[in-house]
Amino acid sequence: MKTMFKRILSVVLATMMLFGICVFASAETNGTCGGNVTWSFDENTGAFTVSSTGDMENYIDYTETPWYPIISSVKSITISNGITSIGNYAFAMFENAETVSIPESVTKIGDYAFYNCEKLQSFDIPENIMHIGNGSFYYSGYYNNESNWVDGELYIENCLLYAVEDKKGTYEIKPGTRLIASLAFLFTVEINELIIPESVEYICENAFFQCVYLDNITVDKNNAYYLSDENSIVFNIEKTELVLYPAKNPQTSYEVPKSVKKIGNGAFALAENLIEISLPSGLTHIGNWSFIYCHYLRSINIPAGVTYIGDGAFMGCIALEKFVIPYGITEIREYTFSFCYGLKSITIPDTITNIGVQAMVFEETFGDVYYSGTEDEWNAIFVDKYNVSLDNATIHYNTVVVDYFFNENTKIIEKPLSTTINYGETITLNCGIKNLPEGYRVVWGLEGNAVKTNPTFEGLTCEVTSVGDGEVVIKAGVLDVDGNPVRDNDGNYIVASQKLVSKMNVFDVIVDFFTRIFDFLFGLFR
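Residues numbered from 1 in each chain as written. Predicted model: local features only at pLDDT ≥ 70, side-chain atom pairs only at ≥ 80, totals over all residues. Heavy atoms only, no water.

Asker: Explanation requested: the overall build of the chain in the structure shown.
Answerer: Along the chain, the regular secondary structure elements total 4 helices and 40 strands. Considering only C-alpha atoms, the chain reaches an extent of 130 × 65 × 50 Å along its principal axes. Residues counted as buried form 45% of the 526 residues belonging to the chain. Considering only intrachain contacts with a sequence separation of at least 6, the fraction spanning at least 24 residues in the chain is 42%. Summing over all exposed atoms, the chain offers an accessible surface of approximately 26,700 Å²; the carbon and sulfur share of this is 51%. (Helix = DSSP H or I, 4+ residues; strand = E, 2+ residues; numbered from the N terminus. Buried < 20%, exposed > 50% of the residue type's maximum accessible area, 1.4 Å probe, protein only. Contact = heavy atoms within 4.5 Å. Areas by Shrake-Rupley, 256 points an atom, 1.4 Å probe, with all protein chains shown as cover.)

Asker: Help me out: how do you make sense of the nonpolar core in this one?
Answerer: What tends to happen in soluble globular proteins is that the nonpolar side chains get buried as a cluster. Membership of the largest hydrophobic core comes to 56 residues, with the highest contact counts inside it found for I86, F91 and F114. Residue contributions to this core peak at 3 residues, all from strand β12 (residues 159-163). What I86 contacts, discounting residues up to four positions off in sequence, is M56, I79, F91, I102, V106, K108, I109, G110, A113 and F114. Counting 49 residues, the second largest nonpolar core, distinct from the first, contains L274, V369, I381 and L390. (Core = buried A, V, L, I, M, F, W, Y, C linked by side-chain atoms within 4.5 Å.)

Asker: Sorry, what's going on with the pairing of strand β11 (residues 153-156) here?
Answerer: For a regular strand, side-chain orientation follows a simple rule: the groups alternate between the two sheet faces. Covered by surrounding structure in β11 are E153 and Y155 together with L154 and I156, the residues of both alternating faces. When strand β10 (residues 149-150) meets β11, the two strands line up antiparallel, connected through 2 bridges. Counterpart to V150 in the pairing with β11 is E153. Between β10 and β11, which follow one another and run antiparallel, lie 2 residues, and D151 among them has a positive phi close to 55 degrees. As paired strands, β11 and β12 are joined by 4 bridges and run antiparallel to one another. Paired with L154 across the bridge in β12 is Y162. Adjacent in sequence and paired antiparallel, β11 and β12 are bridged by 2 residues, among which E157 carries a positive phi angle near 55 degrees. (Pairing = 2+ DSSP bridges.)

Asker: For this particular structure, what's the right way to read the sheet that holds strand β34 (residues 420-422)?
Answerer: Judged by pairing direction, the sheet is mixed, and its 4 strands sit side by side in the order β34-β40-β39-β36 without closing on themselves. This sheet does not close on itself; its edge strands, each paired only once, are β34 and β36 (441-447). With strand direction ignored, the average angle separating the axes of adjacent strands in the sheet is 30 degrees. Relative to strand β40 (residues 495-503), strand β39 (residues 470-479) runs antiparallel, the two being bridged by 8 bridges. For V473, the partnering residue across the bridge sits in β40 and is K499. (Axes fitted to C-alpha atoms, helices over the stretch in contact; angles between N-to-C directions.)

Asker: Before we go on, may I ask you to explain the pattern of salt bridges in this structure?
Answerer: Oppositely charged side chains are able to pair whenever their charged atoms sit close together. The full count for this structure, using the stated rule, is 5 salt bridges. Between R178 and E201 there is a salt bridge, with its nearest N and O atoms 3.4 Å apart. Taken as a pair, R178 in the loop between β13 (168-172) and β14 (179-180) and E201 in the loop between β15 (190-196) and β16 (202-203) lie far apart in primary sequence, 23 residues in all. Residue class for R178 comes out buried when judged on its relative accessible area of 10%. We note a salt bridge from R333 to E331, for which the minimum N-O separation is 3.3 Å. Looking at R333, the relative accessible area reads 23%, which means it is partly exposed. E331 sits in the partly exposed class, given a relative accessible area of 30%. (Salt bridge = Lys/Arg side-chain N within 4 Å of Asp/Glu carboxyl O.)

Asker: What is the right way to look at the confidence of the model for the chain in this model?
Answerer: In regions of low pLDDT, the predicted coordinates are not meant to be interpreted in detail. A residue-level look at the chain finds 90% of positions with pLDDT of 70 or above and a mean pLDDT of 90. Across residues 1-25, confidence stays below pLDDT 50; counting only partners more than four residues off in sequence or on other chains, it has 1 contact. (pLDDT = per-residue confidence, 0-100.)

Asker: What am I meant to see in the environment of E153 here?
Answerer: With respect to the helices and strands, the residue E153 is situated in strand β11. For E153, a relative accessible area of 11% gives the class buried. Not counting chain neighbours up to four residues away, the residues in contact with E153 comprise N148, L160, Y162, K167 and Y171. Side-chain polar atoms of E153 contact the side chain of Y171, separated by 2.3 Å. (Polar contact = N/O pair within 3.5 Å; in protein donor to acceptor, adjacent residues only side chain to side chain.)

Asker: Got a minute to help me understand the packing of aromatic side chains in this structure?
Answerer: Note on aromatic pairs: each is described by the distance of the centres and the angle between the planes. Counted by the stated rule, this structure contains 39 aromatic pairs. Ring centres 5.4 Å apart and planes at 55 degrees place the aromatic pair Y245 and Y254 in the tilted group. Classification of Y245 as buried rests on a relative accessible area of 2%. The class of Y254 is buried, set by a relative accessible area of 8%. (Phe/Tyr/Trp six-rings, centres within 6.5 Å; stacked < 30°, edge-to-face > 60°.)

Asker: What am I meant to see in the sheet that holds strand β30 (residues 354-355) here?
Answerer: Adjacent strands of a sheet form backbone hydrogen bonds with each other and so pair up, either parallel or antiparallel. Within the open sheet, the 3 strands sit side by side as β28-β30-β32. Their pairing is parallel. Every interior strand has two partners, whereas the edge strands, β28 (331-332) and β32 (382-383), have only one.

Asker: Teacher, can you tell me more about a negative patch on the surface here?
Answerer: Taken together, E104, D124, E127 and E157 make up a surface patch of like negative charges. Along the chain, E104 turns up in the loop between β7 (99-101) and β8 (108-109). (Patch = residues over 30% accessible without salt bridge, like charges linked within 9 Å, V, L, I, M, F, W, Y side chains within 5 Å. Lys, Arg positive; Asp, Glu negative; His and termini not counted. Charge placed at Lys NZ, Arg CZ, Asp CG, Glu CD.)

Asker: What's the story with unusual backbone geometry in this structure? I'm lost.
Answerer: Only a minority of non-glycine residues have a phi that is not negative, and only a minority of peptide bonds are not trans. Unlike most non-glycine residues, Y112 shows phi in positive territory, near 55 degrees. Residue position: Y112 is located in the loop between β8 and β9 (131-132). What makes Y112 partly exposed here is its relative accessible area of 24%. The phi angle at Y293 is positive, at roughly 55 degrees, despite the residue not being glycine. Among the structural elements, Y293 can be located in the loop between β24 (285-286) and β25 (299-300).

Asker: How should I be thinking about the state of the cysteines in this particular structure?
Answerer: Taken as a whole and assessed by the stated rule, the structure comprises 0 disulfides. The structure places no disulfide on C117, whose sulfur is separated from the nearest cysteine sulfur, that of C33, by 15 Å. You can call C117 buried: its relative accessible area is 0%. Here C462 is not disulfide-linked; the sulfur of C431 is the nearest cysteine sulfur, at 11 Å. (Disulfide = S-S within 2.5 Å.)

Asker: Just to check I follow, could you spell out the environment of S105 for this structure?
Answerer: Here S105 lies in the loop between β7 and β8. Between the C-alpha atom of S105 and that of L320, which follows or precedes it by 215 residues, the distance is 44 Å. Setting aside residues up to four positions removed in sequence, S105 forms contacts with S80, N81, G82, I83 and T84. At a separation of 2.7 Å, a polar atom in the side chain of S105 contacts the main-chain carbonyl oxygen of I83.

Following this line, the structure appears as structure tokens:
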């Protein structure tokens, strides 16, 4: 019996050893990890090297990295000069790595890049680093070493990584601080006043997320990169990006300055008093998590020029009842409208090709989706998992949405190069409306008799020919498929006018006079 047991055990062990050898043998030791970037692993020395130039790829988890099977065998990490960014989760869980070399070429360290690298006790951050992501150094040897924390703050050189949760009241960032990392203040929820020194050059995304009592922010007036206005709202120095709106700001409505082109990641996160917001017509970018958990926000119109709406941008905005996604947006990104339980209707353009994970999670009884394309186009959209609200929604196809062809930036009549036409000359007036719905048309009218007009059938262009002397007014408006005038979202008719001056010199007058006489006589004797 013992002999039989030994034989069985020997077979099992041999099989396990063989399996183990096969797994090890199949583990890759080199490959690519973004563009031209390559990686290699030396089994003899445990050296892991990233080479070439450019950005490393971002991964959604450390188990998705191509080197995952060998991470416990890595002893050292070398990143070659020329690499410009360290990807998300790139070296997470390299628990036995004892050294890392980061070159000066690196300007960005991704989310959780060195997460749980327990034996990495020190990091040399490049002088020109511009971004440190969420949890980049969580539970690394450096993070775990209590001696590196001073007054509840963890710095690497002049980069503030984390501030602990017992900070309250006024918080003054240490002079000399150059960069504030993503989620640096995640656990310092009770600060209500923030002072940012002259030295700060980079405030990374969501740096002050969860600072729900924050109502007063002052940026040093000598800071060359950021400024704060009278409402404690932080902008970049050019005032083209809104960086941070204090969560405790008492205003219930806010008009974003016209100069702003970008709403930064997490800019309005948890703004508890905000009910309505007006965005400028020149806005093009709404960052990730930008309005997350603005519970009372119920009114927001997205300008037609917006080309990007980030992950989780309106997550938890439970007071929103309707939303119009601008024409030209190609993706509803993950978590964009998660837990927007008050949403009753959403308008989606036919430019959408992808709906991300949990992008559309509303009430089970969610109402209407108004889609500007056909049913076949709707069915061709890739819908990722957990978008259960769409299963219960009523989809309205071929929806005409005024916003998709007319908005505050649209010129019904584009201004011509010249508003003066010489006798006999023809100019073409162009309508600035794009994406005119099928069956809709632009109609042209004329006040005055010094010109003749000749519009195309849809009316997107109109030829104007001078036939006399004097001032005229050219008008244009939009009619629907039934011939009814179309109104914009404010209830105003979509109309415009353009003044033109038709000029005749003395010779033209004489020629015109005899031409008319000739035409008259020819008519009599014909």
